[in-house]
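Examination of the molecular architecture
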Amino acid sequence: MHDRRTILPIDEKPSSPELHIPEPLYRPGDKPDFSHIHVRRSDNLERPDVLVDSYETERHAGGLIRVMNMDGDASGPWMPDISADTLRQGLRSMLTVRLMDDRMFAMQRQGKLSFYLKSRGEEAISVAQALSVRKSDMVFPTYRQQGILVARNYPLKRMMCQCLSNAGDPALGRQMPTMYSSKEYGFFSISGNLGTQFIQAVGWAMASAYKNRDDLAMAYIGDGSTAEGDFHYALNFASTYRAPVILNIVNNQWAISSFQGIAGGQSKTFASRGLGYGLASLRVDGNDFLAVYAVTRWAAERARRGGGATVIEHYTYRAEGHSSSDDPSKYRPSEEANAWPYGDPIDRLKQHLIKLGEWSDEQHAELLEELSEMVRETYKEAEALGSIASGTGIDPKTMFEGVYEHMSPKLEEQAELSGVGSWRE
Ligand SMILES: Cc1ncc(C[n+]2csc(CCOP(=O)(O)OP(=O)(O)O)c2C)c(N)n1
Ligand SMILES: [Mg+2]
């Protein structure tokens, strides 16, 4: 049922049992060619009633829901009802994320922060989804959805301070950079342990339903992390208890240096996994802002009307290295991101707005300048509060506080030995 053209083809035709080790199509030095991925306007996938039986979404799980073509024209059954103002707001948030990512990555290279993770190429997913659910809905993100905080107007300076592990960091340097957390903004603490957020989100959604609330949870997982047990436990519980949760799989083709085939992506789409658990499952062009917005609205309405969870696979491409600790030139051709047939999400939304007569190249250039200046100035203010290069300004004593009501004797001993003080009576 699924569209093989959008999955990496299996070239070899085995004649006897042999261990299949999936290999990406291209390695450094190869010329990437994705012409086997046939980019159509859409797969003529209808927009079913939100309370449709899950098996009615089989074609949606195997195909690809799209609204915009590569020239920025938008049409079809999934065309969302969205104002030009909201689209411009989305564009602004996506650009802010990209500029902030570039700035923070550069500062990591200068030794001001220990680590950074960019989301280049994936900004439409976090931003469009943040705009398509309510602020009271709880998000359980991975480290690549900084766009949700930006779209929810979380202070950029606070994000930067967390990355700098300085006195303005709400986590007081206890978390890794980019692992944000904010109850007020409905942004559950990011966990470095992959996969955990899926089960946490389902549990939160079950509690929401138990209390007869119509708040939903929105969870994220990467293609690679779907190979973990947590992914499957979460789908099973979500299905059994009809939890109001949106289960997003961000298939950006890579899990650090492992390509998505290693997580089983060569034989079946990631969205199709939801069908086996009786969950509505949709696969969407993750670089198409309008399509991401539309499928999320559909899934949110389904959840709020008692239809339970939806699995959404966002088909996209991680346009840069995994993190500041990664060197992608070791395992994939450097031109691969440019060869990706679904383009860049920011360019595509910009093009669409221009086609609508709601934007221009001049306005875009002005916005870029305004946001670059804002990011630069905000960073300066953040760095003035300290960094790992100049001193974080955080009292080392805080390392031992805020976790346990009563410190264990072992911790007390460690605190004393490290010279930060004594908690003993
Ligand atoms: C349980 C666990 N296993 C392994 C890791 C190391 N690790 C961190 S990120 C990553 C790759 C994840 O890839 P994917 O799920 O596709 O997400 P992406 O980074 O592409 O968004 C790995 C293996 C980890 N943090 N936690
Ligand atoms: Mg990935």
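Notes on the structure in this doc start here.

Thresholds, definitions, all that
Residues numbered from 1 in each chain as written. Chains lettered and ligands numbered in written order. Predicted model: local features only at pLDDT ≥ 70, side-chain atom pairs only at ≥ 80, totals over all residues. Heavy atoms only, no water. Phe/Tyr/Trp six-rings, centres within 6.5 Å; stacked < 30°, edge-to-face > 60°. Helix = DSSP H or I, 4+ residues; strand = E, 2+ residues; numbered from the N terminus. Buried < 20%, exposed > 50% of the residue type's maximum accessible area, 1.4 Å probe, protein only. Axes fitted to C-alpha atoms, helices over the stretch in contact; angles between N-to-C directions. Parallel < 35°, antiparallel > 145°, perpendicular 65-115°, else oblique. Left-handed = near helix turned anticlockwise from the far one by under 90°. Contact = heavy atoms within 4.5 Å. Nonpolar A, V, L, I, M, F, W, Y, C, P; charged D, E, K, R; others polar. Near = heavy atom within 4 Å. Polar contact = N/O pair within 3.5 Å; in protein donor to acceptor, adjacent residues only side chain to side chain. Areas by Shrake-Rupley, 256 points an atom, 1.4 Å probe, with all protein chains shown as cover. 1 Å grid on protein atoms, 1.4 Å probe; cavity = no way out; pocket = protein on both sides within 12 Å on 5 of 7 lines; lining within 4 Å. Sits in = over half its atoms within 2 Å of the grid points. Points joined across faces, edges and corners; volume = space filled by probe spheres on them.

1. A short note on the packing of aromatic side chains
Overall, the coordinates contain 13 aromatic pairs when judged by the stated rule. Between W78 and W298 the ring centres are 6.4 Å apart and the planes differ by 55 degrees, which places this aromatic pair in the tilted class. Within this pair, whereas W78 is found in the loop between α1 (58–62) and α2 (84–109), its partner W298 is found in helix α9 (residues 289–304), the two being separated by 220 residues in sequence. Accessibility expressed as a relative area gives 2% for W78, which makes it buried. Given a relative accessible area of 0%, W298 falls into the buried group. Three or more aromatic residues joined by ring pairs make a cluster, and in this case those are Y26, F34, Y315, Y317, W340 and Y342.

2. Overview of the packing of α2 against helix α11 (residues 345–355)
Running from N to C, α2 and α11 cross one another at 155 degrees; their axes reach a closest spacing of 10 Å. One element, α2, and the other, α11, form an angle in the roughly antiparallel class. Relative to α11, α2 is oriented so that their crossing is left-handed. Together, A84, L87, R88, G90, L91, M94, L95 and R98 of α2 and P345, I346, L349, K350, H352 and L353 of α11 make up the contact between the two elements. Within the contact of α2 with α11, the residues separate by chemical class into 9 nonpolar, 2 polar and 3 charged.

3. Side note on the side chain of T378
When you line up the elements, T378 lands in helix α12 (residues 361–383). Accessibility expressed as a relative area gives 13% for T378, which makes it buried. With residues up to four places along the chain from it excluded, the contact list for T378 reads L156, K157 and M160.

4. Some details on the site of ligand 1
In the vicinity of ligand 1, 15 residues are found, and the nearest of them are Y143, R144, G192, S225 and W254. At a separation of 2.9 Å, an oxygen atom of ligand 1 approaches a polar backbone atom of G224. Contact distances for ligand 1 include 2.9 Å between an oxygen atom and a side-chain N or O atom of N252. The fraction of the free accessible surface of ligand 1 (590 Å²) that becomes covered by protein chains is 69%. A molecule is said to occupy a pocket when more than half its atoms come within 2 Å of that pocket's grid points, and by this definition ligand 1 occupies the largest pocket. Its residues assigned to classes, the shell around ligand 1 comprises 5 nonpolar, 7 polar and 3 charged.

5. Re helix α3 (residues 123–132)
Counting along an α-helix, one turn takes 3.6 residues, and residues three or four places apart therefore face a common direction. Most of α3 sits inside the fold, with 10 of its 10 residues counted as buried. For α3, every residue scored as buried is listed here: E123, A124, I125, S126, V127, A128, Q129, A130, L131 and S132.

6. Things to note about the layout of surface pockets
Reported here for the largest pocket is a volume of approximately 340 Å³. Along the wall of the largest pocket there are 23 residues; nearest its centre are Y143, R144, L194, S225 and H322. Elements represented by at least two residues in the lining of the largest pocket include exactly β2 (217–222) and β4 (254–255). Grouping the amino acids of the lining of the largest pocket by side-chain chemistry returns 11 nonpolar, 9 polar and 3 charged.

7. Quick word on the environment of K118
Following the sequence through the fold, K118 ends up in the loop between α2 and α3. In this structure, the C-alpha to C-alpha distance between K118 and M100, residues 18 residues apart in sequence, is 9.0 Å. In this structure the side chain of K118 is engaged in a polar contact, spanning 2.9 Å, whose partner is the side chain of D102. Looking at K118, its side chain comes within polar contact range of the side chain of E320, at 3.3 Å.

These results come straight from atomic positions and should not be treated as a statement about function.
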